[in-house]
Amino acid sequence: MKQLEREAQEDEEICDKLACWCETNDSGNKTIADVEAKIEDLTTKMEELTVLSAKLQTEIKNLEFDVAKNQEVLDEATATREKPFA
């Protein structure tokens, strides 16, 4: 039991030292704020790119449909042209 109490006391001292360091280290706080701002920017950019990706996927499907339709028309025109005149 004494060992657990001693370890708990050591953990608390380490936690206090780290808390003190975080509070007094202005450049660390600025860096953390910078990183948090960058994360927010990247999250926004990721959302924008996700929307763009969905839009482009829809456009691709529409263009594939148009290509297939145009290929059918081309095939019909080629078949008509290749028929012998009667």
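Every value quoted in this text rests on a predicted model; they were computed, and no experiment measured them.

(A) Focus on the overall build of the chain. A tally of helices and strands in the chain yields two helices and zero strands. The buried share of the chain, reckoned over its 86 residues, is 2%. Of the roughly 8,300 Å² of accessible surface on the chain, 60% is carried by carbon and sulfur atoms.

(B) Spotlight on a nonpolar patch on the surface. On the surface, Leu-49, Leu-52 and Leu-56 cluster together into a nonpolar patch covering about 250 Å² of accessible area. Relative to the helices and strands, Leu-56 resides in helix H2 (residues 26-82).

(C) Broad picture of a negative patch on the surface. There is a patch of like negative charges on the surface, built from Glu-7, Glu-10, Asp-11, Glu-12, Glu-13 and Asp-16. Counting through the fold element by element, Glu-12 comes out in helix H1 (residues 2-24).

Definitions and cut-offs
- Residues numbered from 1 in each chain as written.
- Predicted model: local features only at pLDDT ≥ 70, side-chain atom pairs only at ≥ 80, totals over all residues.
- Heavy atoms only, no water.
- Helix = DSSP H or I, 4+ residues; strand = E, 2+ residues; numbered from the N terminus.
- Buried < 20%, exposed > 50% of the residue type's maximum accessible area, 1.4 Å probe, protein only.
- Areas by Shrake-Rupley, 256 points an atom, 1.4 Å probe, with all protein chains shown as cover.
- Patch = residues over 30% accessible without salt bridge, like charges linked within 9 Å, V, L, I, M, F, W, Y side chains within 5 Å.
- Salt bridge = Lys/Arg side-chain N within 4 Å of Asp/Glu carboxyl O.
- Lys, Arg positive; Asp, Glu negative; His and termini not counted.
- Charge placed at Lys NZ, Arg CZ, Asp CG, Glu CD.

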